Amino acid sequence: MKMEQLVRTEEFLRIKIGEAKNLTGRANTSSNTKDVYCTVALDQEEICRTQTQRNQAPFFGEEFSFEIPRKFRYLSVYVLERDRHLKQDKAIGKIAIRRGDLHLYNHKDHWFPLRQVDDDSECQGMAQIEVKIIDSDDDHSKENFKSTSNNYTTTTILSPATNHQTSNHKAPKLLHSTHTSSLVQRSSSQQDVSLKQQGNFLRVPYTNSFHQNQRIQVRLKACSDLTKKNNQCDPYATITAHYTNKRKITRRTKVRKKTIHPTFDEVVEFNLYDFTHGSGSHGTSDSKIYTVTPFGGNDLCEIVVQLWHSAGMAEDNFLGEVRLPARGKQELQYLQQSAWYFLLPRSSQSRPAKSCATPPGTRLSCENSLGSLRLKLHYQADHVFPLANYDQLLNLLIQSVEQRPITTSAVYLLGEMVANKQEIAQPLVRLFTHNKRIVDIIQRLAEYEICKLTDPTTIFRGNTLVSKMMDEAMKLSGLHYLHSTLRPIVELILHEKKCCEIDPARINREKTSIEQNLNNLHDYVEKVFDAIIRSANKCPRVLCDIFYNMRESATKYFPQNKEVRYSVVSGFIFLRFFAPAILGPKLFDLTAEPLDSQTNRTLTLISKTIQSLGNLVSSRSAQQHAKEEFTVELYKKFCTEKHVEAVKRFLDVISCSIKDSRDVESCGHEPILLKDGMMTKHAQNRKRFGRRNFKQRYFRLTTHTLSYAKAKGKRPICDIPLTELVAVERLEEKSFKLQNIFRITRKDRPLYIQTANCVEEKKWVDLLSKICENNKRRLDTFHPCAFINGEWTCCNERDQNANGCRAVDETPLEVDLVTQLDPARDLQRLHSLIIGNMNVMTKFFDTNMPKNEETELTRQTLRRLSEEAHKLDQIQRNHRNKQLKDLKVGSKQEPIGDDNYIRGVSSSNLNSGSSTTPRPVTTTNQHFDLPPTLFQRGHFLRNSDGFSHF
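Note that the coordinates shown come from a computational prediction; the quantities given were computed from them, not determined experimentally. (Residues numbered from 1 in each chain as written. Predicted model: local features only at pLDDT ≥ 70, side-chain atom pairs only at ≥ 80, totals over all residues. Heavy atoms only, no water.)

**Student:** For this particular structure, what's the right way to read helix H13 (residues 597-614)?
**Tutor:** An α-helical segment advances 3.6 residues per turn. Residues three or four places apart therefore align on the same side. Here H13 is 18 residues long and its end C-alpha atoms lie 26 Å apart, about the 26 Å a rise of 1.5 Å per residue gives. For H13, the full list of buried residues reads Thr 599, Arg 601, Thr 602, Leu 603, Leu 605, Ile 606, Ser 607, Thr 609, Ile 610, Leu 613 and Gly 614. (Helix = DSSP H or I, 4+ residues; strand = E, 2+ residues; numbered from the N terminus. Expected span 1.5 Å × (residues − 1). Buried < 20%, exposed > 50% of the residue type's maximum accessible area, 1.4 Å probe, protein only.)

Okay, here's the thing in structure tokens:
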């Protein structure tokens, strides 16, 4: 298999939504009753949403992170207002950031102005268009196109005053309708003209007589990823020819029902020269009056392909357009014969008058007329190569365990180079966990840090590399332990919604009410505390070994302090693991439900109390009084000898090197919850297909079975052993006219499941695919579509048990089922961090350090890191150059429209050996709505009206 086929792109996004200000509201509503929430979307596909805030200047403070499973053009954040009476949400505004610009906002808070949400701002998708220039009397030129006698419904010639590009778009007013052959007007002068082609571009010799005898043939083949309107998409297209005498000829395709990936395959033809006289002529004319027309004044100047959603009796919705410049020889010769184009918004002159969309080049988008939103983004995209390419870097990092002193090792030096310790800690922990050396590397780093301290109370209190690695190790190896311990209690708190507020300043109630809240809070804390204490024997083996080494190191360097053996462990397990998980349960996947303000406050009070209980092992902390006066009574109930001894017993068990074998064995056979959530399942054993047969079910995947029930907490309807799963694959849209559907093939019958979005689909498919990969009865082929009406819709095979028509995708990833480790990706992330901090490494070399053995070892390690990083960088450069060389702008992978047309022309000329350069574009905006800066760059295709930046 070629290297290019093994290289994969992994994208990750973390977004924190802060606060909004100066938001506009509905008419006739008070600003004090505004219910606002935000949604995060890839293009227009919603991925996640915040909790509703009832405030004119809402503060959300919610963070979301997810792997990006597909290509996208824009990251969109919508701000919506909820109407509880009409039950209809209104979009206040949106933020749209181009994918290529996301790295510009990494790790910083930015205020983004909101822009209007309308049909033009919601454009997405692409269209495949073929263009061919033919001679008027060359009937053989149609041999490459299908017959189009019945492919379109109407042929319409519009007057200049008719504007069909309005928001209430209907079928254009029919002024002239006829068959295709009668529409094409032929000139009396017939000439033989040769068409030259170079690459995929038309080469057209230009003379006036030639121009008048030619037609242009436009074929709309298909579209992809169109915008949905009210969860529906019934698209059709209009193809309009614009002439320089302001005359327009419009033709319309048939409507394709319920699809965002329509196939049209329809052909229309237009004359390159308009034979009617004057700008007000509609169709043919018998007038004998002659009109003086400038040379080329009736030439075809532009072809516009617009996509619309047919809304029936309501107003049709604009989905996007493609503008093909066709005026003159030089624009025609650079028009690709067949290409994919991004659908773009309409130009500001073509938009309906009632639209409030922000036109480009104005200051409206900077005046915050709709409000603004504060975001913090972290976006990373890594091109991951096969693991063998990283062998040298991997060996250098693993050698850090044995290297003496630890300060000369690659891991320690990387921690000193990278300022953000969490960025470097996460891939290091995942990599060493995969290689079974995480316990050793943390022990070496922790012992070095402890030996430098003089006060035992400051152990691991700073944000050092080893403390961040411990945090990541607990999240990675202890996440399922955390879920089994705290999830039942968190679900109980979310279900009961009892008030636990004990701060008199926050409530205006009687004293008895505060006492009741105190009792509620005490009950919750007691349940959480008991769950933690009873979970000691379930603590993962790797965490027990890490805690044991930490306890031994602290005791070694502080032998006089009898409490340090407890405080060094409690500082992690209570302060950095249990307490943060209770405070932010969504960040630790303890729940996916939205949290209201009262529940958030309850969890905050519980988290503070658990943190205080972890500090009871220290005599200094036990003697301190409560920080808040209203917590004194609660603190007294838990600051007892009973609770102190319980905490110490718990810490002794989880930091013991040797466990009872029965406990380890019992824990190993206990099923681990891998993933759960609500999905839509197709009803089985039904002869009739349709949306009614899809029902919401709660799915639960463990290391033993896959089950589903009517709701969470209900008895499972079906419990499928993992050994029965033989294949898991995504389905195409044509199976059910739905997106994000995958099929689980089992022994008896298939199971069709639809997820809420593409991110959830990727998570489920990746987990289930790994399970099937380890199954001995795994299938090698599958059907990418469903079995409907007695046949497979993909290959028309009538036998339901027939072998699949497509090979199952290979998954050459070394991924652990529980922890989902990917060493190649982690090594690539480390390589990116090394390259990004190469200037810091250079300063190490330039520093006048004393010449000794340790300094020389440090320089050697840095030199090896630099060499391996540059080798990998050269491999990536070669790969990028190969991609650029093979890049074909206009393909489905690289459509035309996002500032890449000139790049495609240059690439085509380079590959064909031509030195032809595109003509300079004038600064007129007669046909294209471009800001002057784009004209200076030579882009003569219209950009998306400033949609990518604000």
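**Student:** Mind showing me how you'd approach the confidence of the model for the protein chain here?
**Tutor:** Within the protein chain, residue pLDDT values average 76, and 71% of them lie at 70 or more. At the low end of the mean pLDDT range in the protein chain sits helix H23 (residues 932-936), at 29; at the high end sits helix H5 (residues 391-398), at 94. Low pLDDT, under 50, characterises residues 203-210; the stretch is placed with 24 contacts to residues that sit more than four places away or in other chains. Counting interchain partners and residues more than four positions distant, the pLDDT-below-50 stretch residues 278-296 has 19 contacts. (pLDDT = per-residue confidence, 0-100. Contact = heavy atoms within 4.5 Å.)

**Student:** Got a minute to help me understand unusual backbone geometry in this structure?
**Tutor:** The amide bond that connects Arg 404 to the next residue, Pro 405, takes the cis arrangement and shows omega of -10°. Note on placement: Pro 405 falls in the loop between H5 and helix H6 (410-417). Phi at Asn 230 takes a positive value of approximately 55°, unusual for a residue other than glycine. Its place among the elements puts Asn 230 in the loop between strand E13 (214-224) and strand E14 (235-243). The exposure class of Asn 230 is exposed, given its relative accessible area of 75%. At Lys 497, a residue that is not glycine, the phi angle is positive and equals roughly 55°. Its place among the elements puts Lys 497 in the loop between helix H9 (465-496) and helix H10 (511-534).

**Student:** Teacher, can you tell me more about the packing of aromatic side chains here?
**Tutor:** The relation between two aromatic rings is expressed through the spacing of the ring centres and the mutual angle of the planes. Evaluation of the coordinates by the stated rule reveals 9 aromatic pairs. Taking 5.6 Å as the distance between ring centres and 85° as the angle between the ring planes, the aromatic pair formed by Tyr 412 and Tyr 448 counts as edge-to-face. Remark: Tyr 448 occurs in helix H8 (residues 438-451) and Tyr 412 occurs in helix H6; sequence separation between them is 36 residues. On the basis of relative accessibility, which here comes to 17%, the residue Tyr 412 falls in the buried class. With 5.8 Å between their ring centres and 65° between their planes, Phe 574 and Phe 650 make a pair best called edge-to-face. Placement of the pair is Phe 574 in helix H12 (residues 564-583) and Phe 650 in helix H16 (residues 641-654), with a sequence separation of 76 residues. When sorted by exposure, Phe 574 lands in the same class as Phe 650, which is buried. In this structure an aromatic cluster arises from ring pairing among Tyr 481, Phe 574, Phe 577, Phe 578 and Phe 650. Directly above the aromatic system of Tyr 236 lies the positively charged group of Arg 252, at a separation of 3.9 Å from the ring centroid. Sitting over the ring of Tyr 566, Arg 565 keeps its end group 5.0 Å from the ring centre. (Phe/Tyr/Trp six-rings, centres within 6.5 Å; stacked < 30°, edge-to-face > 60°. Lys NZ or Arg CZ within 6 Å of the ring centre and 35° of its normal.)

**Student:** Quick question: what am I supposed to make of the sheet that holds strand E16 (residues 263-271) here?
**Tutor:** Hydrogen bonds between backbone atoms are what pair the strands of a sheet, whose relative direction is either parallel or antiparallel. Strand order in the open sheet formed by 4 strands is E16-E13-E9-E19, with antiparallel pairing between adjacent strands. Where the open sheet ends on each side, the last strands, each with one partner, are E16 and strand E19 (338-342). Geometrically, the sheet is characterised by an average inter-axis angle of 25° between neighbouring strands, direction not taken into account. Taken together, the 7 bridges between E13 and E16 define a ladder with antiparallel strand orientation. The partner of Arg 219 across the bridge, within E16, is Val 267. (Pairing = 2+ DSSP bridges. Axes fitted to C-alpha atoms, helices over the stretch in contact; angles between N-to-C directions.)

**Student:** Any chance you could explain the nonpolar core here in plain terms?
**Tutor:** Nonpolar side chains tend to gather and get buried jointly when the protein is soluble and globular. Ile 441, Ile 442, Met 469, Phe 650 and Leu 651 are the most contacted members of the largest nonpolar core, which has 109 residues in total. In terms of residue count, H9 provides more of this core than any other element does, 14 residues in total. For Met 469, the residues in contact, after removing those within four places along its chain, are Ala 425, Leu 428, Val 429, Ile 438, Ile 441, Ile 442 and Leu 445. With 35 residues, the next largest nonpolar core counts Leu 226, Cys 233, Ile 239 and Leu 324 among its residues. (Core = buried A, V, L, I, M, F, W, Y, C linked by side-chain atoms within 4.5 Å.)

**Student:** So what exactly am I meant to see when it comes to the pattern of salt bridges here?
**Tutor:** Two side chains bearing opposite charge may form a pair once their charged atoms approach each other closely. Taken as a whole and assessed by the stated rule, the structure comprises 45 salt bridges. Glu 10 serves as the salt-bridge partner of Arg 825, at 3.7 Å between the closest nitrogen and oxygen. Placement of the pair is Arg 825 in helix H19 (residues 823-836) and Glu 10 in strand E1 (residues 8-21), with a sequence separation of 815 residues. The exposure class of Arg 825 is buried, given its relative accessible area of 13%. Arg 374 serves as the salt-bridge partner of Glu 19, at 3.4 Å between the closest nitrogen and oxygen. One end of the pair, Glu 19, is in strand E1; the other, Arg 374, is in strand E20 (residues 372-384), and 355 residues separate them in sequence. Overlapping salt bridges, with partners in common, bring together Arg 8, Glu 10, Glu 67, Asp 822 and Arg 825 in one network. (Salt bridge = Lys/Arg side-chain N within 4 Å of Asp/Glu carboxyl O.)

**Student:** What is the right way to read the sheet that holds strand E5 (residues 59-68) from this model?
**Tutor:** The strand order across the open sheet formed by 4 strands is E5-E1-E20-E8, and the pairing between neighbours is antiparallel. Each edge of the open sheet is held by one strand with a lone partner, namely E5 and strand E8 (109-113). Sheet twist, expressed as the average angle between the axes of neighbouring strands with direction ignored, equals 25°. Of the strands in this sheet, E1, E5 and E20 are in contact with H19, which crosses E20 at around 110°.

**Student:** Which parts of the structure should I look at to understand the pairing of strand E7 (residues 90-98)?
**Tutor:** A regular strand places its side chains so that they alternate between the two faces of the sheet. When you tally the buried positions in E7, you get 7 out of 9 residues, the bulk of the element. Where strand E6 (residues 74-81) and E7 come together, 8 bridges link them in antiparallel fashion. Along E7, the bridge assignment pairs Val 79 with Gly 93.

**Student:** How should I be thinking about the environment of Arg 437 in this particular structure?
**Tutor:** Mapped onto the secondary structure, Arg 437 falls in the loop between helix H7 (421-434) and H8. For Arg 437, a relative accessible area of 22% gives the class partly exposed. Considering only alpha carbons, one finds Arg 437 and Val 542, 105 residues apart in sequence, at a separation of 10.0 Å. Contacts of Arg 437, omitting those with residues within four sequence positions, involve Ile 398, Val 401, Glu 402 and Phe 432.

**Student:** In this structure, what is going on with the side chain of Lys 229? I would like to understand it.
**Tutor:** Checked against the element boundaries, Lys 229 lands in the loop between E13 and E14. For Lys 229, a relative accessible area of 11% corresponds to the buried category. Polar side-chain contacts of Lys 229 include one of 3.1 Å to the side chain of Asp 119. Those residues within four positions of Lys 229 in sequence are excluded, and the remaining contacts are Asp 119, Glu 122, His 309, Asn 317, Phe 318 and Leu 319. (Polar contact = N/O pair within 3.5 Å; in protein donor to acceptor, adjacent residues only side chain to side chain.)

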